[in-house]
Amino acid sequence: MSETFATAMPIHRATLPRLLRSEPALAATGLFLLFLMLPTGIAALLDSRTMEGVDIWDKPLKFQFALSVYTLTLSLFAHWLPVGFTNSRGYRLYRASVIAAILGEMAWLMGAAALGVASHFNTTELGTLIYRTMGGLAVWLTSITMVYAVVIARRGADFGNPALKHGIVLGLGLVLPLTLITAGFMSGWGSHHMSGSASDAGGLWLMGWSRDGGDLRVAHFFATHALHVVPALALVSSTVFGRTALWPVRAGAMLFVAFVAYCFVEALLGQPFLGFIG
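Since this is a predicted model, take the numbers as computed values, not measurements.

Rules behind the numbers
Residues numbered from 1 in each chain as written. Predicted model: local features only at pLDDT ≥ 70, side-chain atom pairs only at ≥ 80, totals over all residues. Heavy atoms only, no water. Helix = DSSP H or I, 4+ residues; strand = E, 2+ residues; numbered from the N terminus. Buried < 20%, exposed > 50% of the residue type's maximum accessible area, 1.4 Å probe, protein only. Contact = heavy atoms within 4.5 Å. Areas by Shrake-Rupley, 256 points an atom, 1.4 Å probe, with all protein chains shown as cover. Phe/Tyr/Trp six-rings, centres within 6.5 Å; stacked < 30°, edge-to-face > 60°. Expected span 1.5 Å × (residues − 1). Arc of directions from axis to C-beta. Axes fitted to C-alpha atoms, helices over the stretch in contact; angles between N-to-C directions. Parallel < 35°, antiparallel > 145°, perpendicular 65-115°, else oblique. Left-handed = near helix turned anticlockwise from the far one by under 90°. Salt bridge = Lys/Arg side-chain N within 4 Å of Asp/Glu carboxyl O. Polar contact = N/O pair within 3.5 Å; in protein donor to acceptor, adjacent residues only side chain to side chain.

### Remarks on the overall build of the chain
A count of helical and extended segments in the chain gives 9 helices and 2 strands. Ordered by position from the N terminus, the helices and strands of the chain form the series α-α-β-β-α-α-α-α-α-α-α. A buried classification covers 44% of the 278 residues belonging to the chain. For the chain, the share of sequence-separated contacts (at least 6 apart) that also reach a separation of at least 24 residues comes to 76%. Put simply, the chain shows about 13900 Å² of open surface, and 70% of that area lies on carbon and sulfur atoms.

Below is the structure:
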């Protein structure tokens, strides 16, 4: 049975409001998380407590921004899903569970900051139970990238830009496996530090990554951004090599996977990311 897909919109003509309407629930979640950064930021200014050498509200702020970018990106990619797909009962229930997982993660991160306890790698009995639950929710909220990849991959030639389609599918499809490997190892190790001090104080500007040892968060960060990097490479490739050339997109995806692997091994060897800059 054939499926009807939305007519592909040229990237240069795609306005943000028009694209966000393709998946309003995820878009609203992303905008809510951005708004949530305001009270969290105020809390950071008023609260002098620290965790691992940095402001205790630093982690909730970073996750709010990261998850808002994640959900808004998915709402953009939803433009290329089949017409009516996002309105189906099964998808609406699944989407609701994904959003609930996102909000659950955020509730724990903010609650932990308010209570002054570690949200990650919490070794207390209750903390371990909550951390494992949050790990399951993290996997679940990431699974939607694979769903989008599979559904968009089924789209026919009407997409208009095969290279871009290939990049979107590969980018979305890489997020879950790369994240499971990097985050799974980090969870099993019990820390994001492989060596050096167990403090984030003096970490890399903005990101906070360790400067005196290996940091598993580096590979994890890039793994989660496959859905941005690979489609961006595909967009450039379609301009340089043409819309029907798929090999440059595949090569770019392979290089990206190799880069994530490099960051992962670098951390395992106890070396800081961009260690040459001091």
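### Regarding the packing of aromatic side chains
All told, the structure shown has 13 aromatic pairs when counted by the stated rule. Ring pairs connect the aromatic residues Trp 209, Phe 221, Phe 222, Phe 259 and Phe 273, which therefore count as one cluster.

### A closer look at the environment of Val 139
Here Val 139 shows up in helix α5 (residues 125–153). The exposure class of Val 139 is partly exposed, given its relative accessible area of 38%. As a C-alpha pair, Val 139 and Ala 183 span 44 residues in sequence and 9.6 Å in three-dimensional space. Apart from the residues lying within four places of it in its own chain, the contact partners of Val 139 are Leu 176 and Leu 180.

### What about helix α8 (residues 226–240)?
Relative to the 21 Å expected for 15 residues at 1.5 Å per residue, α8 spans 21 Å between its end C-alpha atoms, a close match to the ideal helical length. Where α8 is concerned, the buried positions are Ala 226, Leu 227, Val 230, Pro 231, Ala 234, Ser 237 and Ser 238. Each buried residue of α8 sits inside an arc of 115° when the element is viewed along its axis, so together they form one side. Opposite the buried face of α8, by more than 90 degrees, sit the exposed residues Val 236, Thr 239 and Val 240. Contacts from the buried residues of α8 go to α3 (58–77), α6 (162–189), α7 (217–224) and α9 (247–268). Once α8 finishes, Gly 242 follows within two positions and takes phi at roughly 105°, a positive value.

### What to know about the packing of α5 against α6
Running from N to C, α5 and α6 point in directions that differ by 160°, and their axes come no closer than 8 Å. Our classification of the angle between α5 and α6 gives roughly antiparallel. Classified by chirality, the crossing of α6 by α5 is left-handed. Here Tyr 131, Val 139, Thr 142, Ser 143, Thr 145, Met 146, Tyr 148, Ala 149, Ile 152 and Ala 153 of α5 lie close against α6, whose contacting residues are Lys 165, Ile 168, Val 169, Leu 172, Gly 173, Val 175, Leu 176, Pro 177, Leu 180 and Ser 187.

### Remarks on the pattern of salt bridges
Following the criterion strictly, the structure yields 4 salt bridges and no others. A salt bridge links Glu 23 to Arg 95, with the shortest nitrogen-to-oxygen separation between them at 3.0 Å. Linking Glu 23 in the loop between α1 (16–20) and α2 (24–46) with Arg 95 in helix α4 (residues 89–115), this pair joins segments that are 72 residues apart in sequence. As far as burial versus exposure is concerned, Glu 23 and Arg 95 are alike and both buried.

### So, the side chain of Lys 165
Its location among the elements puts Lys 165 in helix α6. Classification of Lys 165 by relative accessible area gives buried; the value is 16%. Separated by 3.4 Å, the side chain of Lys 165 and the backbone oxygen of Ala 153 make a polar contact.

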